[in-house]
Amino acid sequence: MNKVLNLLGLARRAGKVILGTDSVIKVLPTKQIKLIFVATDASDATYKKAYFYQVPIINKYSTEELSKALGIEVIKIIGISDLGFAKALKKEIERGDF
């Protein structure tokens, strides 16, 4: 597993992750989410809901990869609520470690 997926797992254990479409969309208007991961195989409607709030979106991992990283059966969308984790994740993605 790469560093980005490892960081996602760490963020979850730290309680800095919001899981699932309904939960993420509900929190987006409060501006608490700093970064969103949308699975590559998620529906266009899920992606558009996340895109509407102009939060950076990462769309490089499948449902299987995201689910495995977080230890969850099926997850299509993940919100990162901590700025430090969001910056670290973006930095690793910019490095090309995905």
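Before reading further, recall that the structure is shown in the block above.
Below is a summary of the structure that appears in this document. (Residues numbered from 1 in each chain as written. Predicted model: local features only at pLDDT ≥ 70, side-chain atom pairs only at ≥ 80, totals over all residues. Heavy atoms only, no water.)

As for the pairing of strand β2 (residues 35-38)
Thinking step 1. Residues L35 and F37 point to one face of β2 and I36 and V38 to the other, with burial holding for every one of them.
Thinking step 2. As paired elements, β2 and strand β4 (residues 77-80) share four bridges and run antiparallel to each other. Paired with V38 across the bridge in β4 is I77.
Thinking step 3. In this structure, β2 lies alongside strand β3 (residues 57-58), joined through two bridges in parallel fashion. What sits directly across from F37, in β3, is I58.
Thinking step 4. The parallel pair β2 and β3 is bridged by helix α3 (residues 44-52), and the resulting crossover is right-handed. (Buried < 20%, exposed > 50% of the residue type's maximum accessible area, 1.4 Å probe, protein only. Helix = DSSP H or I, 4+ residues; strand = E, 2+ residues; numbered from the N terminus. Pairing = 2+ DSSP bridges. Right-handed = clockwise from strand over helix to strand, strands pointing away.)

Things to note about the environment of L35
Thinking step 1. Locating L35 in the fold gives a position in strand β2.
Thinking step 2. Once the C-alpha coordinates of L35 and N59 are considered, the two residues, 24 residues apart in sequence, prove to be 11 Å apart.
Thinking step 3. Apart from residues no more than four positions distant in its own chain, L35 is found in contact with V55, P56, I58, I78, G79, I80, A86, L89 and K90. (Contact = heavy atoms within 4.5 Å.)

Some remarks on the pairing of β4
Thinking step 1. Residues I77 and G79 line one face of β4 and the alternating positions I78 and I80 line the opposite face, and both faces are buried.
Thinking step 2. Direction of pairing for strand β1 (residues 17-19) relative to β4: antiparallel, over a ladder of three bridges. Residue I18 lies in a different strand from β4, and its bridge partner there is G79.

Regarding the sheet that holds β2
Thinking step 1. Ordered in space as β1-β4-β2-β3, the four strands form an open sheet in which the pairing is mixed. Edge positions in the open sheet fall to β1 and β3, since each of these has one partner strand only.
Thinking step 2. On top of the sheet, α3 reaches β2, β3 and β4; it is set at about 170° to β2, its chief contact. (Axes fitted to C-alpha atoms, helices over the stretch in contact; angles between N-to-C directions.)

Considerations on the side chain of E92
Thinking step 1. By the element assignment, E92 lies in helix α5 (residues 83-95).
Thinking step 2. When its relative accessible area of 11% is taken as the criterion, E92 is described as buried.
Thinking step 3. Looking at E92, its side chain comes within polar contact range of the side chain of R95, at 3.2 Å. (Polar contact = N/O pair within 3.5 Å; in protein donor to acceptor, adjacent residues only side chain to side chain.)

Observations regarding the packing of helix α1 (residues 3-13) against helix α4 (residues 63-70)
Thinking step 1. One way to put it is that α1 packs onto α4 with a least axis distance of 8 Å and a crossing angle of 50°. Compared by their axis directions, α1 and α4 come out oblique. Note that α1 runs across α4; the crossing there is right-handed. Seen from α1, the contacting residues are L5, L8, G9 and R12; seen from α4, they are E65, L66, A69 and L70.
Thinking step 2. Residues that form the contact of α1 with α4 fall into these classes: five nonpolar, one polar and two charged. (Parallel < 35°, antiparallel > 145°, perpendicular 65-115°, else oblique. Left-handed = near helix turned anticlockwise from the far one by under 90°. Nonpolar A, V, L, I, M, F, W, Y, C, P; charged D, E, K, R; others polar.)

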